[in-house]
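Spelled out, the chains give:
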Amino acid sequence: MIDYDVVVIGGGPAGMAAAISARQEGIERIVVLEKDDDLGGILNQCIHIGFGLYNFREELTGPEYAERFSKKLIDMNIEYKLNTTVIDITKDKIITAVNPEEGVVEIRAKSIILSMGCRERPRGDLNIPGSKCAGIYTAGTAQRFVNIEGVMPGKEIVILGSSDIGLLMARRVTLEGAKVNAVVDMMPYSIGLKRYEMQCLKDFNIPLMLNHTLVEIKGKDRLEGIIISKVDENRRPIKGTEEHISCDTLILSVSLMPDNALSLRAGVDISNITGGAIVNESMETSIEGIFACGNILHVHDLIDDVTNESYEAGRKAAKFVKGEYKRAEKNINIACGDGIRYVVPDTVNPNNLEEDLEISFKVDGLYKNAHISLLLDNREEICLSKRILAPGDMEKLKVSKTLLENNKEATKITLKVVN
């Protein structure tokens, strides 16, 4: 049994930032466990620019952003183990992992930071009829083929889903010479960032077919085409509206889900909406001393937000190890009101706030010229006007630390959309 103060599971941008933050708080015995053969996680295959605008005030590619943190991790002599797969975590913070050099190892931690990132939904989750022919990939797999392996997935492509990675891949494969016949989404709006819709689709004249869904796959050995259909207000296919689109490749960009298999093994409470861990203002999960950050909480728009959130998780894990973490007899719950799909964090203990509380949230539809209202119990404390609120965009709202400290008897914060 090996003992550490802080064990970070996942060596992507979230895990590295959390480890660095814990070290800066004076914690010496830290180890990062990473299943791949290099640090950086998914950023290593994200070669487009747009990373680091807030934290570094410059536009970096994914690998460049990851390198900033891996270099700092190494410079600070923070231990990390590559090719190390964690297979179990207990409530008592006993971690079982395996790697080629050490075999099966058991690690005991005073605090654990979960930063395993997210995963894609495969075809099997979508119940799409048709043969199991070649030419169907998730967007992340296609991205790895093109950006790391240097292999094109196909020549004539359709992308199902308009999430960020789907829009980015539409542009990427077009630049490499493929023809994207359509991006198809059952929603009445693109669920990706608006700027990606402009830069990746409209700038390249790629059709975006909203209110449509895939109903059949054509092809035996290799994909030959797909059948799509319009959907009604309940997102069900409308008979008689079927349309055939020729393609040799289908890229699935339907959704990302927090990769919380290990969290569930540890007994961490999981949100039914996000699929991510339920946390408080300090990024602590339902299990004392186990913290979570990054895309295992909810899928983020910006890597800078992941980094800042992970710094907080690292700081609070360090305070937990040092016995400086404060607990309250009761916390203030943060609830979703009208128009709000989910919020993070789910509770707040004002005693642990070092600065204003930042609440991240997403709305459940498209709203124009609306307001975001924050109620403390039943009293409105904040009302912000918003020209547009879109379900694909992460919104943030800051709540004054002083306000919460002066209202510790409050039991609930509610966010809602007011038209």
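**Student:** Whenever I open this one, the overall build of the chain confuses me. Can you help?
**Tutor:** Each helix and strand in the chain was counted, giving eight helices and 27 strands. At 22 Å, the chain has a C-alpha radius of gyration in line with the 22 Å of a compact globule built from 419 residues. Dimensions of the chain along its principal axes, counting C-alpha atoms only, are 65 × 60 × 40 Å. Here the contacts in the chain between residues at least 6 apart in sequence split such that 63% fall between residues at least 24 apart. By element, 46% of the accessible surface of the chain is carried by carbon and sulfur atoms, the whole surface being about 19,100 Å². A gap of 2 Å separates the mean positions of the 51 positive and 62 negative side-chain charges of the chain.

**Student:** I tried to follow the sheet that holds strand β15 (residues 225-230) on my own but got confused; where do I start?
**Tutor:** Paired through backbone hydrogen bonds, the strands of a sheet run either parallel or antiparallel to each other. Within the open sheet, the three strands sit side by side as β14-β15-β16. Their pairing is antiparallel. This sheet does not close on itself; its edge strands, each paired only once, are β14 (212-218) and β16 (243-246). Averaged over all adjacent pairs, the angle separating strand axes in this sheet is 30°, with direction ignored. Alignment of β15 against β16, held across four bridges, turns out to be antiparallel. Considered in β16, the bridge of Ile227 is made with His244.

**Student:** Even after reading the chapter, I still don't get the nonpolar core, so can you show me in this structure?
**Tutor:** With 62 residues, the main nonpolar core has Val7, Ile9, Ile89, Ile95, Ile113 and Leu114 as its most contacted residues. Setting aside residues no more than four positions away along its own chain, Val7 makes contact with Val31, Leu33, Ile95, Ile107, Ala109, Ser111, Ile112 and Ile113. With 25 residues, the next largest nonpolar core counts Ile340, Tyr367, Leu374 and Val399 among its residues.

**Student:** In this structure, what is going on with the pattern of salt bridges? I would like to understand it.
**Tutor:** Close approach of charged atoms lets side chains of opposite charge pair. Throughout the structure, instances matching the rule amount to 24 salt bridges. Residue Asp5 pairs with Lys110 through a salt bridge whose shortest N-O separation is 3.3 Å. On the criterion of sequence distance, the pair formed by Asp5 in strand β1 (residues 2-9) and Lys110 in strand β8 (residues 103-114) is long-range, its members being 105 residues apart. For Lys110, a relative accessible area of 49% gives the class partly exposed.

**Student:** Honestly, the side chain of Thr84 in this entry has me stumped. Any pointers?
**Tutor:** Structurally, Thr84 can be placed in the loop between β5 (79-81) and β6 (85-89). Residue Thr84 is classed as buried on the basis of its relative accessible area, which comes to 2%.

**Student:** Explanation requested: the packing of helix α4 (residues 164-175) against helix α5 (residues 194-201) in the structure shown.
**Tutor:** How two helices pack is summed up by the angle between their axes together with the distance between the axes. Relative orientation of the contacting elements α4 and α5 amounts to 15°, with a least axis distance of 8 Å. Comparing their axes, α5 and α4 come out roughly parallel. For the element pair α4 and α5, the recorded crossing hand is left-handed. Counted together, Asp164, Leu167, Leu168, Ala170 and Arg171 of α4 and Tyr196, Glu197, Gln199, Cys200 and Leu201 of α5 form the full contact between these two elements. Its residues placed into classes, the contact of α4 with α5 shows six nonpolar, one polar and three charged.

**Student:** Hey, could you run me through unusual backbone geometry in this one?
**Tutor:** Most of the time, phi is negative for any residue but glycine, and the peptide bond is trans. Here Val344 and Pro345 are connected by a cis peptide whose omega angle stands at 5°. Looking at the secondary structure, you find Pro345 in the loop between β21 (340-344) and β22 (347-348). In this structure, Arg235 is a non-glycine residue whose phi angle is positive, near 65°. Along the chain, the position of Arg235 falls in the loop between β15 and β16.

**Student:** Honestly, the sheet that holds strand β23 (residues 357-363) in this entry has me stumped. Any pointers?
**Tutor:** Strand order across the open sheet formed by three strands is β21-β23-β26, with antiparallel pairing between neighbours. Unpaired on one side and paired on the other, β21 and β26 (395-399) mark the two borders of the sheet. Strand-to-strand twist of the sheet, defined as the mean angle between neighbouring strand axes without regard to direction, takes the value 30°. In this sheet, β26 lies alongside β23 in antiparallel orientation, the contact comprising five bridges. Residue pairing in the sheet places Glu358 in a bridge with Lys398 of β26.

Rules used throughout
Residues numbered from 1 in each chain as written. Predicted model: local features only at pLDDT ≥ 70, side-chain atom pairs only at ≥ 80, totals over all residues. Heavy atoms only, no water. Helix = DSSP H or I, 4+ residues; strand = E, 2+ residues; numbered from the N terminus. Rg over C-alpha atoms; globule rule 2.2 N^0.38 Å. Contact = heavy atoms within 4.5 Å. Areas by Shrake-Rupley, 256 points an atom, 1.4 Å probe, with all protein chains shown as cover. Lys, Arg positive; Asp, Glu negative; His and termini not counted. Charge placed at Lys NZ, Arg CZ, Asp CG, Glu CD. Pairing = 2+ DSSP bridges. Axes fitted to C-alpha atoms, helices over the stretch in contact; angles between N-to-C directions. Core = buried A, V, L, I, M, F, W, Y, C linked by side-chain atoms within 4.5 Å. Buried < 20%, exposed > 50% of the residue type's maximum accessible area, 1.4 Å probe, protein only. Salt bridge = Lys/Arg side-chain N within 4 Å of Asp/Glu carboxyl O. Parallel < 35°, antiparallel > 145°, perpendicular 65-115°, else oblique. Left-handed = near helix turned anticlockwise from the far one by under 90°. Nonpolar A, V, L, I, M, F, W, Y, C, P; charged D, E, K, R; others polar.

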